[in-house]
Amino acid sequence: MGASTAQTQVDISLAVYDKGAVTIERLQLPPRGPGEIDVAITSAAICGSDLHTVLGHRETPERTALGHEGVGRITDVDPDVVDLRGATLRPGDRVVFALFSSCGSCDRCTAGLPMKCRSLVKYGHESVLKPPHATGTLATGVRLLPGVPVVRIPDSLSDSVVVSAGCAVATAGAIIAAAGPLAPRTRVLVFGAGAVGAYCAAMLTSLGCIVQVREPSAERLAIVEEFGATAAHPDAEPFPVVVEASGSATAFVEALHATDIGGRVVAAGSVSPGQSTASIDPALLVTRRITVSGVHNYTIDDFRRGVDWLLAHGRDLNLDRLLSPPLPLSAAAEGFRQMQTGRYPRVLIRPDLTEAAQ
Ligand SMILES: [Zn+2]
Ligand SMILES: [Zn+2]
């Protein structure tokens, strides 16, 4: 029968979105299947996409398990399971993981689009009714399917450095790849200093690019300035590379206007179709020979690139600044309210905290 499976059931608590409300549910998971990995979450972060779910901006299944950014320790794994680098995984190992499970063999997977796999399971967007049930990181535990890329990480990096590896950091890795070859001192304009824009700005500056950021919030601008970027100059010359990470349709139009002849625009901010539109003059694209790439989620290589960047640079940057003070899991609904204020790019949830410890 191949690998052995755990015989014990697992009790977890998790944040669930259903009929307009975020609540905490307790689930008793069946014994895990072969190749599945159980992870006890130590920290998770609420992403803008989670907020879109809770605000009803997208179709959601009944009782959606929320959260797709997280870090934790393996509690149960088969003996022969390895991470993306080939390291054998054992109980107690600290890991980050990608937000999706893909088949690796359908037409989309083979075309380099695993994030759009025909049999995609996307963490943070599935019902608790559907196996493997524990698919949200806003939880005490998550169950990873065999197709989920996992990377073991050292204890020397704090949770707040690595917590966003599975979404914001990997997406920034995908944006960097889509931006094409970036010679040192390439001028890049980034729209938006939310988590994706901020990680993007930080990664670009570590590649030697000269990064300007357009962001209305002075607090968020201050964060990316600490990462080595500067506030966008209103009279700046057009840029060879422009990243739209704000999610504003108007910013997308402005991004085109700010792009130089032969330049590239990477659009990654607008993730909820039907939320906003803007009109563009197609002649702008045509006459300037602009290339536009859409980036939604990421490939396994992008995820690896993001984690490698965190391992190399995470200690040197004050990445805590992207996170709220930690909240216990029981305050997840409050976390979403804080997320909606826009005060923090990410709201941090620590399942080990109790209400009294706040
Ligand atoms: Zn596939
Ligand atoms: Zn996300």
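Calculation rules
- Residues numbered from 1 in each chain as written.
- Chains lettered and ligands numbered in written order.
- Predicted model: local features only at pLDDT ≥ 70, side-chain atom pairs only at ≥ 80, totals over all residues.
- Helix = DSSP H or I, 4+ residues; strand = E, 2+ residues; numbered from the N terminus.
- Buried ≥ 20, exposed ≤ 12 C-beta atoms within 10 Å, placed from the backbone.
- Contact = placed C-beta atoms within 7 Å.
- Expected span 1.5 Å × (residues − 1).
- Domains from an automatic or database assignment.
- Nonpolar A, V, L, I, M, F, W, Y, C, P; charged D, E, K, R; others polar.
- Pairing = 2+ DSSP bridges.
- Core = buried A, V, L, I, M, F, W, Y, C linked by C-beta atoms within 7 Å.
- Axes fitted to C-alpha atoms, helices over the stretch in contact; angles between N-to-C directions.
- Parallel < 35°, antiparallel > 145°, perpendicular 65-115°, else oblique.
- Left-handed = near helix turned anticlockwise from the far one by under 90°.

Our next topic: the overall build of the protein chain. Across its full length, the protein chain holds ten helices and 17 strands. Once the C-alpha set of the protein chain is aligned to its principal axes, its extents read approximately 65 × 45 × 40 Å. For the protein chain, the residues scored as buried account for 47% of the 358 residues in total. Considering only residue pairs separated by 6 or more positions, the protein chain has 71% of its internal contacts joining residues 24 or more positions apart.

Moving on: the environment of Pro282. By the element assignment, Pro282 lies in helix 8 (residues 282-288). For Pro282, a count of 9 C-beta atoms within 10 Å gives the class exposed. Through-space distance from the C-alpha of Pro282 to that of Leu256 is 9.9 Å; in sequence the pair is 26 residues apart.

Moving on, we come to helix 9 (residues 300-313). Count 3.6 residues to each turn of an α-helix, and residues three or four apart come out pointing the same way. The end-to-end C-alpha distance of helix 9 is 20 Å, a good match for the 20 Å that 14 residues give at a rise of 1.5 Å each. On its buried face, helix 9 sits against strand 6 (94-97), strand 10 (150-152), helix 3 (159-162), helix 4 (165-178) and helix 5 (195-206).

Here the domain parsing of the protein chain yields domain 1 (10-163 + 323-357) and domain 2 (168-294). On a C-alpha basis, the centroid separation for the pair domain 1 and domain 2 is 28 Å. Domain 1 puts ten residues into the contact, and the matching count from domain 2 is nine residues. Considering each element in turn, the side of domain 1 that touches domain 2 owes the most residues, three residues, to helix 1 (residues 48-54). Here the residues of the side of domain 1 that touches domain 2 are counted per class, giving three nonpolar, four polar and three charged.

With that settled, the discussion passes to the sheet that holds strand 1 (residues 10-18). Taken in spatial order, the three strands line up as 2-1-4 in an open sheet, and their pairing is antiparallel. Only two strands of the sheet have a single partner each, and these edge strands are strand 2 (21-29) and strand 4 (64-65). Pairing between strand 1 and strand 2: nine bridges, direction antiparallel. Across the sheet, residue Ser13 finds its bridge partner in strand 2, namely Arg26.

Counting residues in hydrophobic clusters, the biggest one holds 111 residues, and the most contacted among them are Ile175, Cys200, Ala201 and Val243. The leading source of residues in this core is helix 4, at ten residues. Summarising the domain contributions, this core has at least three residues from each of domain 1 (10-163 + 323-357) and domain 2 (168-294). Sequence-distant contacts of Ala201, that is, excluding residues within four places in its chain, are made with Val190, Ala193, Val211, Val213, Val224, Phe227 and Ala229.

Time to look at unusual backbone geometry. Excluding glycine, residues mostly carry a negative phi; peptide bonds, for their part, are mostly trans. At the junction of Pro131 and Pro132, the peptide bond is cis and its omega measures out at 5° in the coordinates. With respect to the secondary-structure elements, Pro132 resides in the loop between strand 8 (121-122) and strand 9 (141-144). Located in the positive-phi region is Lys19, a residue other than glycine, with phi close to 50°. If you trace the backbone, Lys19 turns up in the loop between strand 1 and strand 2. Positive phi is not limited to glycine here, since Arg185 has a value of about 70°. Its place among the elements puts Arg185 in the loop between helix 4 and strand 11 (187-191). Of the residues examined, Arg185 has 8 C-beta atoms within 10 Å and is grouped as exposed.

Here the focus is the pairing of strand 5 (residues 69-76). Here strand 3 (residues 37-46) runs beside strand 5; their pairing, made up of seven bridges, is antiparallel. Residue Asp38 lies in a different strand from strand 5, and its bridge partner there is Asp76. Pairing geometry for strand 5 and strand 6, over three bridges, is antiparallel. Bridge assignment links Val71 to a residue of strand 6, and that residue is Val96.

A separate point is the packing of helix 4 against helix 5. For any two helices packed against each other, one specifies the crossing angle of their axes together with the interaxial distance. Orientation of helix 4 relative to helix 5, taken along the N-to-C sense of each, is 55°, at an axis distance of 8 Å. On the basis of their axis angle, the class for helix 4 and helix 5 is oblique. With respect to the hand of their crossing, helix 4 and helix 5 are arranged in right-handed fashion. Note on element contacts: helix 5 touches helix 4 through Ala195, Val196, Tyr199, Cys200, Met203 and Leu204, opposite Ala168, Val169, Thr171, Ala172, Ile175 and Ile176.

Moving on, we get to the sheet that holds strand 11. Strand order in the open sheet formed by six strands is 13-12-11-14-15-16, and the pairing between neighbours is parallel. Where the open sheet ends on each side, the last strands, each with one partner, are strand 13 (230-231) and strand 16 (291-294). Bridge analysis of strand 12 (residues 210-214) against strand 13 gives two bridges, and the strand direction is parallel. Following the sheet pairing, Val213 is matched in strand 13 by Ala231. Strands in contact with helix 7 (residues 249-257) are strand 11, strand 14 (239-244) and strand 15 (259-267); relative to strand 15, the strand with the most contacts, it is inclined by about 150°.

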